2 protein chains.
Amino acid sequence: MKQQRVLILGGGFAGLECAKGFPEDRFEVTLVDRWNHHLFQPLLYQVATAGLAMTDIAQPLRSILSHRKNVTTLMDEVRQIDLVAKKVHLKDHVLDYDYLVIALGAKTGYFGHNEWAQHTLGLKSLDDAMAIRKKVLLAFEHAESANDPQETARLMTLVVVGGGPTGVEMAGSLAELASVVLKGDFRRIDPSSAKIHLIESGPKLLPSFPAPLQDYTCRRLESLGVTVHLDTRVTEVGAGYVVTSKERIESDIVIWAAGVEASEVTRTLAGVPLDRGGRIQVQPDLSLPAHPEVFAAGDVVSLTDAKGVRVPGVSPAAMQMGRFIAKTIVNEAGGGATAREPFTYFDKGSMATIGRSAAVATVGGMHLRGLLAWLMWLFVHLLFLMGMRNRATVFLQWVWSYVTWQRGARIIQP
Amino acid sequence: MKQQRVLILGGGFAGLECAKGFPEDRFEVTLVDRWNHHLFQPLLYQVATAGLAMTDIAQPLRSILSHRKNVTTLMDEVRQIDLVAKKVHLKDHVLDYDYLVIALGAKTGYFGHNEWAQHTLGLKSLDDAMAIRKKVLLAFEHAESANDPQETARLMTLVVVGGGPTGVEMAGSLAELASVVLKGDFRRIDPSSAKIHLIESGPKLLPSFPAPLQDYTCRRLESLGVTVHLDTRVTEVGAGYVVTSKERIESDIVIWAAGVEASEVTRTLAGVPLDRGGRIQVQPDLSLPAHPEVFAAGDVVSLTDAKGVRVPGVSPAAMQMGRFIAKTIVNEAGGGATAREPFTYFDKGSMATIGRSAAVATVGGMHLRGLLAWLMWLFVHLLFLMGMRNRATVFLQWVWSYVTWQRGARIIQP
């Protein structure tokens, strides 16, 4: 039987899990990624607040896949997908495929206000996280040097927009950076006097969590020194300020964790239905309408699954979709005449940390909070990280960094 | 007694050791550094070849000094030193002093050919190391994608200029990166076929080492796959090539480890004698001629000490000078009428690694090579790192990174 060529665009959770699912004898897999690493996005906020180093959460794709001789990794950028000719145009190559898997992920979205991008900092990639980290650490350095108390106060005002898990984790982590980690390091300023604002347009933080955990989260953040603004919408972002429905805040550091949209490549797909955020409206089996050899997985996907569950843009969903697609392709290419199965999402629950000693978690109908939730969070991340070959070493290093506050991660470089 | 204000310019080995030497009750110390971290420069080549992460070798100055309440750290750049008015002009401040310590270090030097700087990569700072690392990793990625065998060969040609310890360590480490670490990760290229050239103008590598160790080093490097060029001078460096006295080599990656000169700030010192590399020709007590309240320490210094020994630009010398100056100032400010002592350098020996399993070391009259030398190298670095407060955790992390090849350090980011 002829070798089937599978082309996977994107080396995130979906693309990587998919690439691992093909037997060596029948499938030739090419994985394309813009960078050379797989990023553990749930811990990006840790890098952004100098709690972990970049190398603790990113792994070279080649390392992960090096023992899979039928997988070739290419570092290149996707420009355009030609569904008719079955070709993908990259920056430096043009590739053909028998099967295509689009797993390009999401980027920061501004609900139409793309002009706000220049005045805010997103948190979707390693360079996003490093940019935040550098800006925050520099702000404290400049505040230490500043002679004007108003300037000092402005430099030490940080704003996080978006009260979902990303925003909550960022705000809690920033508060601890200021009041625990940097304490004692400065002589002219008191870092714990930094003002951290968390702005959420809805009535509660963590909209997808049960009410008792939402309230707990709000109280914990406030006790960490975060000023929580609920029912507050951002109306304008400019150079050095944010305007909400309630007030104007002077700040150079506005972190946007309020929305994402699909990779812009989806808009090059002729005739394919997209939702408002650019996500592909896939068939129940995750393939594109009218193109059964093309699939989509992860944050680019818009789907209500076979059980009526709206599939969220979270890493477990991305991994499940990636694995599901690999199985579908392998079964079909095997020559079986069985119809394809529809995808169903298995919700393993959600969790969010609030600083380093507390968290909230919901699994099944069970709610957990505080230290117990935090331990569960640690355990789940252990499983994630251990799941990859040779990750015991990475996990130990990660725990070590975490426990020691990884002070080294506070290096500012140009 | 009035508090004496000590201003230290530079947070490297010399400046840091100096800053730690002042009792809290009588001295107010300000340490100025362009970045916020102390850099363990001897291991920079490891970061450059993805063997260690940036955070393994850099520590925030504030962390190191946080318990010393009389030391203020300022992140700023030195623009000009006014010895007459006893003021130092920084980018954002002007500071007075009672005592000044110039410990600004060295930068890459091109023996007058400053136009070569744009076509070469130095190795004196974290961003130098990160730039080399990124360029080298990208070269392999592009070689994997390239369709032209000549282009592939060119992309995988790396040149190191300078056969002293820095160049030897870089070349050995690059050879291992190509032939050990990246092996198996690529499908179209064989990374171990990369050509690594080490160019030295003199007749031997490691000019300051005894002859048997020089020859051993050359043989070990060659067995690692490095092409060693002795008695070869670089005559021209351009975009994509290097011309030596013997041949022309096509390469985009030319690492310059052949020379250093003092920080350019020394040239703003009116009336102070400098050598050809801009180093300050200090008095035997490390002070500036005609300015007994101003000292210099570390790589900015040009000195033959009281025993007739030419003080080398190495970290132990910098640390000894920094400590010596602190002691001198403390004694003098204590009101003692004793004359100042002259500085003498205690040579603890030299070492250089050749890849990860061998090294050469010379201590006293003793020569060591191979595994024994490598273990000594490890032990000495342990002492260095442990000497700083709370460095046990850093050391363990460092050993762990080293032993596991720190694959995470191979992340390419923009």
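Parameters and conventions
Residues numbered from 1 in each chain as written. Chains lettered and ligands numbered in written order. Predicted model: local features only at pLDDT ≥ 70, side-chain atom pairs only at ≥ 80, totals over all residues. Heavy atoms only, no water. Helix = DSSP H or I, 4+ residues; strand = E, 2+ residues; numbered from the N terminus. Contact = heavy atoms within 4.5 Å. Areas by Shrake-Rupley, 256 points an atom, 1.4 Å probe, with all protein chains shown as cover. Lys, Arg positive; Asp, Glu negative; His and termini not counted. Charge placed at Lys NZ, Arg CZ, Asp CG, Glu CD. Buried < 20%, exposed > 50% of the residue type's maximum accessible area, 1.4 Å probe, protein only. Expected span 1.5 Å × (residues − 1). Phe/Tyr/Trp six-rings, centres within 6.5 Å; stacked < 30°, edge-to-face > 60°. Lys NZ or Arg CZ within 6 Å of the ring centre and 35° of its normal. pLDDT = per-residue confidence, 0-100. Pairing = 2+ DSSP bridges. Axes fitted to C-alpha atoms, helices over the stretch in contact; angles between N-to-C directions. Salt bridge = Lys/Arg side-chain N within 4 Å of Asp/Glu carboxyl O.

Draft legend 1. Quick peek at the overall build of chain A. Counting its regular elements, chain A contains eleven helices and 25 strands. If you take every contact in chain A between residues at least 6 apart in sequence, the share linking residues at least 24 apart comes to 64%. Of the roughly 16400 Å² of accessible surface on chain A, 54% is carried by carbon and sulfur atoms. Measuring between centres, the 43 positive side-chain charges of chain A sit 4 Å from its 41 negative side-chain charges.

Draft legend 2. Layout of the side chain of Asn36(A). When you line up the elements, Asn36(A) lands in the loop between strand 2 (27–33) and strand 3 (37–39). With a relative accessible area of 8%, Asn36(A) lands in the buried category. Once residues lying within four places of it in the same chain are set aside, the contact partners of Asn36(A) are Gln59(A), Pro60(A), Leu61(A), Met75(A), Glu141(B), Arg410(B), Ile411(B) and Ile412(B).

Draft legend 3. Up close: helix 8 (residues 211–223) of chain A. All names here are of chain A. With 13 residues, helix 8 extends 19 Å from end C-alpha to end C-alpha; this agrees with the ideal 18 Å at 1.5 Å per step. For helix 8, the full list of buried residues reads Leu-213, Gln-214, Tyr-216, Thr-217, Cys-218 and Leu-221. Residue Gly-225 follows helix 8 closely and has a positive phi angle near 100°.

Draft legend 4. Fine view of the packing of aromatic side chains. Residues and elements named next belong to chain A. With the rule as written, the count across this model stands at 14 aromatic pairs over all chains. Geometrically, the ring pair formed by Phe-13 and Phe-40 is edge-to-face, given 5.7 Å between the ring centres and 70° between the ring planes. Placement of Phe-13 in helix 1 (residues 13–19) and of Phe-40 in the loop between strand 3 and helix 2 (44–48) is noted, with a sequence separation of 27 residues between them. The same class applies to Phe-13 and to Phe-40, which are both buried. Put simply, the rings of Tyr-110, Trp-116 and Trp-256 touch in pairs and so form one group of aromatic residues. For Arg-248, the ring lying beneath its charged end belongs to Tyr-241, and the centroid distance is 4.0 Å.

Draft legend 5. Up close: the confidence of the model for chain A. All names here are of chain A. The pLDDT averaged across chain A works out to 89; a share of 92% of its residues lies at or above 70. When pLDDT is averaged over each helix and strand of chain A, the minimum, 61, is found for helix 11 (residues 391–403) and the maximum, 98, for strand 9 (residues 99–102). Two numbers describe this predicted complex: its pTM, 0.82, and its ipTM, 0.72.

Draft legend 6. Examining the environment of Ala373(A) more closely. Residue and element names in this part refer to chain A. Looking at the element boundaries, Ala-373 is found in helix 10 (residues 370–386). Linking Ala-373 and Leu-177, residues 196 residues apart in sequence, is a C-alpha distance of 21 Å. Excluding residues within four positions of it along the chain, Ala-373 makes contact with Ala-359, Val-360, Ala-361 and Leu-368.

Draft legend 7. Broad picture of the sheet that holds strand 11 (residues 157–161) of chain A. Residues and elements named next belong to chain A. An order of 13-12-11-17 is seen for the four strands of this open sheet, with the pairing classed as parallel. For this open sheet the edge positions go to strand 13 (226–229) and strand 17 (253–256), each flanked by a neighbour on one side alone. Strand-to-strand, the axes of this sheet are offset by a mean angle of 20°, without reference to chain direction. Here strand 11 runs beside strand 12 (residues 195–199); their pairing, made up of five bridges, is parallel. Directly across from Leu-158, in strand 12, lies its bridge partner Ile-196. Taken strand by strand, helix 8 contacts strand 12 and strand 13, and its axis lies near 140° from that of strand 13.

Draft legend 8. The arrangement of the pattern of salt bridges in detail. Across all of its chains, the model carries 34 salt bridges over all chains by this definition. The shortest N-O distance in the salt bridge between Arg62(A) and Glu141(B) comes to 2.7 Å. Placement of Arg62(A) in helix 4 (residues 61–65) and of Glu141(B) in helix 5 (residues 126–145) is noted, with the two residues assigned to different chains. Judged on exposure class, the residue Arg62(A) and its partner Glu141(B) are both buried. For the salt bridge of Asp98(B) with Arg5(B), the shortest nitrogen-to-oxygen distance reads 3.1 Å. With a gap of 93 residues between them, Asp98(B) in the loop between strand 8 (94–96) and strand 9 (99–102) and Arg5(B) in strand 1 (residues 4–9) connect regions that are remote in the sequence.

Draft legend 9. Summary view of the pairing of strand 6 (residues 78–82) of chain B. All names here are of chain B. Pairing analysis gives four bridges linking strand 6 to strand 7 (residues 87–90), with the strands arranged antiparallel. Across the sheet, the residue bridging to Val-78 is Leu-90, located in strand 7. Linkage of strand 6 to strand 7, two consecutive antiparallel strands, is achieved through a turn of four residues, within which Lys-86 is found at a positive phi near 55°.

Draft legend 10. Layout of unusual backbone geometry. Unusually for a residue other than glycine, Asp231(A) sits at a positive phi of about 50°. Counting through the fold element by element, Asp231(A) comes out in the loop between strand 13 and strand 14 (234–238).

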